[in-house]
Amino acid sequence: MTNPVGEDNWLEHVERQIRQATDLEGRVRVIESFQRATLAEPGSLKLWIAYCEYFWSLYVDCNQRGNEIGWPQDELAIGRETFTFDAALNLWQEGYEAVQYRLSDSHELWNRWVSHEMELLRRTTTEAGVRRITQLFKNRLLVPHATWNETSQMFSTFLSEYNRHAWETEMEQITRNAQGAKKLYEQRDPWEMKLAAATRSRDAAAMRSVMTEYLDWEIKQAKTRKDRDEAIACFQICLGLFSRALTGVLSSDENTWMNYIVFVSTTHTDIKEGRSPVPGHMVPDMLDALSRSVKHVPWCGALWARYILAAEESGLSFSDIEQIKHSATDNGQLDRDGMMGVLEMYAAWCGYLKRTAMVPDASEEAVDVAEVGLLSALEDVKHWGTRKYDNYQGDPQYRLEKILIQFLTEKKDDIDGARAVWEDLAKNPLHAGKYDFWLNWYFWEMMVFTTLRNRTPSPTPTNACQALRVPTFATEVLTRALKVRGLNWPDRVMEIYLQHCNDYETAETLREAQDTVLKTRKALAKRREREAAQAAQVAQVQWAAQTVNSADYHMVDVSETVGSPGSKRKREETPEDGTGSKRAKNENNDEERLKRDRENTSVFVLDLPAEVTQTKLKQFFREYGHINNIDIQKRDGEVVALVEFKTSDEAKSALLRDGKYLGDRVVRVQPATDCTLFVTNYPPDADERYIRHLFKDCGEIHSIRFPSLKYNTKRRFCYVTFRNREAATAATKLDGKPLSDGKYKLVAKFSDPLAKQQRHGAQAEERELHVINLPRGTSEEDISGLFSKAGRVVSVRVPRNMAGQSHGTAFVVMETKEQAQEAIRLCDKLIFGNHPIKVELSRPTTTKTTAVARVMDGTPEPQEGQGMPTPAEIAARTIAVLGIPDTMTDARVRAALTSATNAPIVKLVLHPVHGGAIVEFADAAAAGKAALSIDGMEIEPGKKVRTGTTQELFRNKAEKRVDRIDKPHSQPQSHAHPLQQQASQDKKSAAELMPPPTLLRRPGSGPKLKRGLGFVGAISAKKSAPATINGEQGQTGSKSNEDFRKFFLASRTAANAEGEAKNGNSGQG
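Residues numbered from 1 in each chain as written. Predicted model: local features only at pLDDT ≥ 70, side-chain atom pairs only at ≥ 80, totals over all residues. Heavy atoms only, no water.

When you go through the chain residue by residue, the secondary structure sums to 40 helices and 27 strands. A buried classification covers 43% of the 1069 residues belonging to the chain. Restricting to contacts in the chain with at least 6 residues of sequence separation, those with at least 24 account for 67%. Accessible area of the chain: about 58800 Å², with a carbon and sulfur share of 50%. (Helix = DSSP H or I, 4+ residues; strand = E, 2+ residues; numbered from the N terminus. Buried < 20%, exposed > 50% of the residue type's maximum accessible area, 1.4 Å probe, protein only. Contact = heavy atoms within 4.5 Å. Areas by Shrake-Rupley, 256 points an atom, 1.4 Å probe, with all protein chains shown as cover.)

What follows is the structure, encoded as structure tokens:
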């Protein structure tokens, strides 16, 4: 009979046996089933509680109830010998030790155990019993668990009843000794609270997500602790958490099982090499862990492969390992997720066969078994794939074939047989179109050529020896590769082909190779031009189809439009108006698409020298295309560059520099295609640190680009570039992940510049009309009837306020552009309901270049008898912050300033165009303190801000960011104080400064100008005049905090004096 799999299945199986157990033999079978269950699920709390309680009930029945249970006398005698008191207590002890580090629920078993112990003690109180239970409490309180306080209270009550004179000593001692356990639980309490919240909500996805993150954090704790006791405790806690996960929501999750196996495996390795203080007996056995894993996730080929490898490492016999392989193929689920699991398992099996045959002392039988087994495995996989898929083409990585080729080459010395395997692979289109397949074959042929040449014993030149001097087979492989239509990287093959012929072949063959490469390059260029034209044609057809099928606004019913008086109607946003817009609205999308395609025109350059510069990299790729930009990142001693070319073809050709020297280092060049994600819909205050933490488990991030907010402050997205495609693919799995307790749903997709579509719809097609100055009581039917004279009205929309009243405007969509023009001709300036209405084409809303954030809780309440604050009072509590990068949202700025000042912000207005923000605080004192805290603060790495006046902010311009090295860089706008800028200009020579023209400010209707500001004199080349501020002479240095403090106190004194004077005057009046 097959054993059950999983905690619940075992419980159901055992409970069914308990119901059927009517005699001693049946009860013994139940005990045996419990033993098998706890071996299969050693960390299952439910199974251990059921096992211990059942065994305890048998002990009570046999030894306390006696003849009351109705057992036959012979069975009762045997039962008393089998189900003894010591056996029952030992079982409770064994169960507790198995689950004691399940922090959240291990108390369920321990409380039952100690309650039985205390019940026996109440019946017969002995000094030994008191000492035993006291020690149980002490041991329990040294283990971190969720109900530590309750356990401590139980211990206190126990001491008060049975050992009152030692209460104070024992409690003081255990409180002191348990500090470490309490600290360990406090560190995990936030995770336990998250897990408990997800459990209460019964959200399985949330439970899995929290548990996975918790496990990752716990593994890190177990691997990084330096203190011996802490390292051991964290390791046991981590095992306990894995027990909870693998008997709960993640019991069938192959990733969790793989993480568990890797955790156990690396711990064994660390212990062997002396890097871990964990005792060996605490670590689960690898074979047992793998046996359990493949029962829970039998479709995971990677775990079966590890099972075979662990069996080989443990020295199991061939028959035992073969049985593991048969168990994998017979379970019926190995191909549940496709052929990948089958291939992974068979690759491990073939690897085992190859290694047993290639050891120096391998027997002939082992070699024969390996040969038969390898060929049989290839046939089995082929038949398996054919049964599952009608058009199965094989393993893209041809792993089994590689193992067979190595075996035939190195062990059997059967070069022709190995070459025949290569020939069969070349007939498969799955491999023939890949350049790496031909290069692998070429390298194998060169290895064979070198080996055979070294074996030639005679120095006398013979025909055979002469033939071995030219690697004919290797040359033929490259020649065949270039004849394959659709080869994915022919440039790389051509480069190696020319180099090979130059190094090994005759002059005639080299000339023929050059001719072949030239013709191939011409044909390749024509093919690429043809494919580009076809792709453009297909894109144009798709675009036309999307334009034709685009839906208009639907006709709005009057009842739906008016709604309740409290409903608020807003103009619907078009899809491109959202926060995910990838370009400012005033940019030309077509032109930009042709200009830049970073996602497909970039390459990664790795293993660079530490002193590498952009200039050196430009020289390195000088002959391979035009470089738009170079982004060099240096982290943890590793230097990686992202090089952006003008076209994708240039980026592909740059891959030929892979393996070349740059200085004294051999660098690697890898494509950066599909490494960049478009990420949006995250919390507004998320910064780069938040984004990196969000994707920390996916792979290494190269860079994060936030868009400029100068033209649209609503933008909230970024581009995350990973170091490799695998990491980016893993990151896309987070698409749709709920953030901030489900308030936001993350969007993480591969960035595709071509996916941005042109605007379409009624407004873009000039079919939507904007009607102004309508009577307030006009209904949708009235408007539709008016405009139906010009043609068919598709929809009418009347914006209304919260009271349900019309704003006097409407949006009307006509069927065609011509009908919209006719409606303008007929209805514009028409008197409608005694109102001259205006009809014009609807235009897109302008982009928002400022962002306003209000915090109502921080608004100061006016005192009784006082009105609203005056402009002077608002100005006194308002400061300007300059030097803010134009990529920071108002939410990020508010969070950074609030964290730095700890002062409530009433209002924040972000001005990305001017590189700053205007911030209003609750009062003038808070503003002064905040200014001192903010001045010189680093708001982003390498970006410091300063405080100033609103006039300075509006005179300032944001720094212009240029992320290209092929375009001239404009001088960045300085964020220094104006007096500092003036002083720096004064240092320039007369030859560098041209006297500015005299500016004459003529009188006008505007506000009266102060004296002294009518003319600006020329700047002297020898000595500059002191800077003036509001007509007064100022210092040339920047203001310090002390200067600002004096100015602030003086302004407060003046304001108070002015207020007293006003009060006095009012009193006199």
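Let us look at unusual backbone geometry. When glycine is set aside, most residues are seen to have a negative phi, and most peptide bonds are trans. Of note in this structure, Tyr398 is not a glycine but carries a positive phi near 35 degrees. The topology assignment puts Tyr398 in the loop between helix H18 (364–388) and helix H19 (399–411).

Glancing now at the pairing of strand S22 (residues 916–921). Looking down a regular strand, the side chains alternate between one sheet face and the other. Most of S22 sits out of view: 6 of its 6 residues are buried. Of the two faces of S22, the one lined by Gly916, Ile918 and Glu920 and the one lined by Ala917, Val919 and Phe921 are each fully buried. As judged from the 5 bridges shared by strand S20 (residues 878–882) and S22, these two strands associate in the antiparallel manner. Across the sheet, the residue bridging to Ala880 is Ile918, located in S22. Summarising the sheet, strand S21 (residues 905–911) and S22 pair through 6 bridges and their orientation is antiparallel. (Pairing = 2+ DSSP bridges.)

Okay, the pattern of salt bridges next. Pairing between side chains of opposite charge can happen when the charged atoms of each approach one another. By the definition in use, this model includes 48 salt bridges. Two residues, Glu423 and Arg480, come together in a salt bridge whose shortest N-O distance is 3.0 Å. Of this pair, Glu423 sits in helix H20 (residues 415–426) while Arg480 sits in helix H24 (residues 472–482); the two residues are 57 residues apart in sequence, bridging distant segments of the chain. According to the relative accessible area criterion, Arg480 is partly exposed, its value standing at 27%. Here Glu815 makes a salt bridge to Arg792, at a shortest N to O gap of 3.8 Å. Separated by 23 residues along the polypeptide, Glu815 in the loop between strand S15 (810–814) and helix H34 (817–827) and Arg792 in the loop between helix H33 (780–787) and strand S14 (793–797) bring together distant segments of the chain. Among the ionic contacts, a cluster of salt bridges with common partners joins Lys223, Asp270, Glu273 and Arg275. (Salt bridge = Lys/Arg side-chain N within 4 Å of Asp/Glu carboxyl O.)

Here Ile831 is to be found in strand S16 (residues 831–832). Classification of Ile831 by relative accessible area gives exposed; the value is 56%. For the pair Ile831 and Leu774, spaced 57 residues apart in sequence, the C-alpha separation works out to 9.6 Å.

Taken in spatial order, the 4 strands line up as S8-S9-S7-S12 in an open sheet, and their pairing is antiparallel. In this open sheet, the two edge strands, each paired with only one partner strand, are strand S8 (701–705) and strand S12 (747–750). Strand after strand, the sheet turns through a mean of 25 degrees between neighbouring axes, direction not considered. In terms of strand pairing, strand S7 (residues 676–680) meets S12 through 4 bridges, oriented antiparallel. Residue pairing in the sheet places Phe678 in a bridge with Lys749 of S12. Across the sheet, helix H32 (residues 725–732) is in contact with S7, strand S9 (717–722) and S12; its angle to S12 comes to roughly 145 degrees. (Axes fitted to C-alpha atoms, helices over the stretch in contact; angles between N-to-C directions.)

What follows concerns the sheet that holds strand S13 (residues 768–772). The sheet built from 4 strands is open, its strands ordered S14-S15-S13-S18 with antiparallel pairing. Whereas interior strands pair on both sides, the edge strands pair on one side only; in this sheet they are S14 and strand S18 (838–841). When the angles between neighbouring strand axes are averaged without regard to direction, this sheet yields 25 degrees. Sheet topology note: the S13/S18 ladder contains 4 bridges and is antiparallel. In the sheet register, His770 faces S18, and the bridge partner there is Glu840.

A few words now on H34. For H34, the full list of buried residues reads Gln819, Ala820, Ala823, Ile824 and Cys827. Summarising the axial view, the buried residues of H34 lie within an arc of 145 degrees, below the 170-degree limit, and thus occupy one face. Of the exposed residues in H34, those oriented more than 90 degrees away from the buried face are Glu818 and Arg825. For H34, the elements touching its buried residues are S13, H33, S15 and S18. At the C-terminal side of H34, Lys829 shows a positive phi close to 70 degrees. (Arc of directions from axis to C-beta.)

Turning our eyes to something else, we now look at helix H11 (residues 204–224). Look at H11: 30 Å from first C-alpha to last across 21 residues, which is about the 30 Å you get at 1.5 Å a residue. Taken as a whole, H11 has its buried residues at Met207, Val210, Met211, Tyr214, Leu215, Glu218, Ile219, Gln221 and Ala222. Residues of H11 that are buried sit in contact with helix H10 (179–201), helix H12 (228–246) and helix H13 (254–272). Between the side-chain oxygen at the start of H11 and the backbone nitrogen of Ala205 there is a gap of 3.2 Å, and the oxygen is on Asp203. (Expected span 1.5 Å × (residues − 1). Polar contact = N/O pair within 3.5 Å; in protein donor to acceptor, adjacent residues only side chain to side chain.)

What follows deals with the packing of aromatic side chains. Scanning the model with the defined rule gives 40 aromatic pairs in all. Ring geometry for Phe34 and Tyr51: centres 5.1 Å apart, planes at 10 degrees, overall stacked. Here Phe34, found in helix H2 (residues 24–40), pairs with Tyr51, found in helix H3 (residues 45–65); they are 17 residues apart in sequence, far enough to count as distant. What makes Tyr51 buried here is its relative accessible area of 6%. Its guanidinium or amino end placed over the ring of Trp191, Lys194 lies 4.8 Å from that ring's centre, counting from NZ or CZ. Above the plane of the ring of Phe473 lies Arg419, whose end atom (NZ or CZ) is 3.8 Å from the centre. (Phe/Tyr/Trp six-rings, centres within 6.5 Å; stacked < 30°, edge-to-face > 60°. Lys NZ or Arg CZ within 6 Å of the ring centre and 35° of its normal.)

The interhelical angle for the contact between H11 and H13, taken along N-to-C directions, is 0 degrees, at an axis separation of 12 Å. Regarding the angle of H11 to H13, the classification is roughly parallel. Facing H11, whose interface residues are Leu215, Asp216, Ile219, Ala222 and Lys223, H13 presents Thr256, Asn259, Phe263, Thr266, Thr267 and Asp270. Split by residue class, the contact of H11 with H13 holds 4 nonpolar, 4 polar and 3 charged. (Parallel < 35°, antiparallel > 145°, perpendicular 65-115°, else oblique. Nonpolar A, V, L, I, M, F, W, Y, C, P; charged D, E, K, R; others polar.)

Right, let's talk about the pairing of strand S2 (residues 627–635) for a bit. Sheet analysis places S2 next to strand S3 (residues 638–645), joined by 8 bridges and oriented antiparallel. Residue pairing for S3: Gln633 is matched across the bridge by Val640. Where S2 folds back onto S3 in an antiparallel hairpin, the turn is made up of 2 residues, including Asp636, whose phi is positive at roughly 55 degrees.

What follows deals with the confidence of the model for the chain. Looking at the chain, pLDDT values average 82 and 80% of them are 70 or higher. Within the chain, the lowest mean pLDDT, 35, falls on helix H27 (residues 558–562), and the highest, 96, falls on helix H15 (residues 301–314). Low pLDDT (under 50) marks residues 462–468, which in the prediction has 5 contacts with non-local residues, meaning those over four places away or in another chain. Contacts of residues 548–594 to residues separated by more than four positions or lying in other chains number 88 contacts, the stretch itself having pLDDT below 50. (pLDDT = per-residue confidence, 0-100.)

Among the nonpolar cores identified, the biggest contains 155 residues, and Phe158, Tyr260, Leu303, Tyr346 and Trp438 are the most heavily contacted of them. With 12 residues, the single largest contributor to this core is H3. When neighbours within four sequence positions are excluded, Leu303 is seen to be in contact with Trp257, Met258, Ile261, Leu290, Ser293, Val294 and Val297. (Core = buried A, V, L, I, M, F, W, Y, C linked by side-chain atoms within 4.5 Å.)

In this section: the packing of H12 against H13. Orientation of H12 relative to H13, taken along the N-to-C sense of each, is 155 degrees, at an axis distance of 11 Å. On the basis of the axis angle, H12 is roughly antiparallel to H13. The way H12 lies across H13 gives a crossing that is left-handed. Of H13, the residues touching H12 (which contributes Phe235, Cys238, Leu239, Phe242, Ala245 and Leu246) are Thr256, Trp257, Asn259, Tyr260, Phe263 and Thr267. The residue inventory of the contact of H12 with H13, partitioned by class, reads 9 nonpolar, 3 polar and no charged. (Left-handed = near helix turned anticlockwise from the far one by under 90°.)

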